[in-house]
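# Examination of the molecular architecture
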Amino acid sequence: MKYSQIPLAILASLSASLALAEDFKTVSGKIYKDATISHVEADGIVLRTKTGISKVYFAELPKDVQERFRYGSATPSGKAVTQGIDKAESANHATVFFDGTTFADKFAEKVSKKLDEREAILQGKHTPGPAELMVTREINFHKAYLAGIAIIAIVLFAIVWRRFK
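This section reports on the structure supplied with the text. (Residues numbered from 1 in each chain as written. Predicted model: local features only at pLDDT ≥ 70, side-chain atom pairs only at ≥ 80, totals over all residues. Heavy atoms only, no water.)

Bringing the overall build of the protein into the picture now. For the protein, the helix and strand inventory stands at five helices and four strands. Expressed as a percentage of the 165 residues in the protein, the buried residues total 9%. The long-range fraction of contacts in the protein, counting pairs at least 24 apart against all pairs at least 6 apart in sequence, stands at 19%. Of the roughly 14,100 Å² of accessible surface on the protein, a fraction of 64% belongs to carbon and sulfur atoms. (Helix = DSSP H or I, 4+ residues; strand = E, 2+ residues; numbered from the N terminus. Buried < 20%, exposed > 50% of the residue type's maximum accessible area, 1.4 Å probe, protein only. Contact = heavy atoms within 4.5 Å. Areas by Shrake-Rupley, 256 points an atom, 1.4 Å probe, with all protein chains shown as cover.)

In structure tokens form, the structure reads like this:
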């Protein structure tokens, strides 16, 4: 590609984005002028205008705009959703690990361990790990450094004060 074609390609892409700008009017009467569609989500469209980026839900848009973006056609019915949830839950409960414990047992064990750790922290019986010790040492170093600088500044201030007094 020649170097003279690069600005031409940039101008073509910018003009294409301007050509796709259109006005959107919601059911309540709010108008988005010269809006370009940033992307389409499951529950609405994201519009980019001069004033910023806005998300407009399909429920706020007229039926023709909803149909244009195929809102509602790909969404599963309530029965299909509940069947999918039931199937996923039954698959999770039936999962048994090699040592004979289920997923729920493993989860309960993890939760119990976390609660014990937090209780130990609250009671002051927690032994900090290497990362916590390193952070504590770092903070103590900075406190000592600032205290030393403060003492030196006070001494210098006192010396200057006595000379000019």
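This is not the end of the story, as more comes after the structure.
Right, let's get into the environment of Glu119. Tracing the sequence through the fold places Glu119 in helix H4 (residues 103-123). Of the residues examined, Glu119 reaches a relative accessible area of 41% and is grouped as partly exposed. At 3.0 Å, the side chain of Glu119 forms a polar contact with the side chain of Gln123. (Polar contact = N/O pair within 3.5 Å; in protein donor to acceptor, adjacent residues only side chain to side chain.)

Another point: the packing of aromatic side chains. Taken as a whole and judged by the stated rule, the model has two aromatic pairs. Pairing Phe141 with Tyr145 gives two aromatic rings, centres 6.2 Å apart and planes at 20 degrees, and the pair type is stacked. Taken together, the residues Phe141 and Tyr145, both in helix H5 (residues 130-164) and four residues apart, mark about one turn of the helix. (Phe/Tyr/Trp six-rings, centres within 6.5 Å; stacked < 30°, edge-to-face > 60°.)

Let us look at the side chain of Thr26. With respect to the helices and strands, Thr26 occurs in the loop between strand E1 (22-25) and strand E2 (31-40). Among the polar contacts listed, one links the side chain of Thr26 to the side chain of Ser28, at a separation of 3.1 Å. Filtering out sequence-adjacent residues up to four positions away, Thr26 remains in contact with Tyr32, Val56 and Glu60.

Okay, H4 next. If you check H4, its first and last C-alpha atoms are 30 Å apart, about what 21 residues at 1.5 Å a residue would give, namely 30 Å. Just downstream of H4 lies Gly124, where phi reads positive at about 80 degrees. (Expected span 1.5 Å × (residues − 1).)

What follows covers the pattern of salt bridges. Summed over the entire model, instances satisfying the criterion amount to three salt bridges. Taking the shortest distance from any N to any O, the salt bridge between Glu41 and Lys55 comes out at 2.5 Å. With Glu41 in the loop between E2 and strand E3 (44-49) and Lys55 in strand E4 (residues 52-57), this residue pair connects regions lying 14 residues apart in the sequence. A relative accessible area of 29% means that Glu41 is categorised as partly exposed. (Salt bridge = Lys/Arg side-chain N within 4 Å of Asp/Glu carboxyl O.)

Before going further, it helps to spend a moment on the side chain of Gln66. The topology assignment puts Gln66 in helix H2 (residues 63-68). Owing to a relative accessible area of 10%, Gln66 belongs among the buried residues under this scheme. At a separation of 3.0 Å, a polar atom in the side chain of Gln66 contacts the main-chain carbonyl oxygen of Leu61.

Across its 35 residues, H5 extends 51 Å between first and last C-alpha, which sits within 8% of the 51 Å expected from 1.5 Å per residue. With zero of its 35 residues buried, H5 lies for the most part at the surface.

Together, Ile151, Ile152, Val155, Leu156 and Ile159 give the surface a local cluster of nonpolar side chains, amounting to about 480 Å² of exposed area. Checked against the element boundaries, Val155 lands in helix H5. Overall, the relative accessible area of 45% leaves Val155 in the partly exposed class. (Patch = residues over 30% accessible without salt bridge, like charges linked within 9 Å, V, L, I, M, F, W, Y side chains within 5 Å.)

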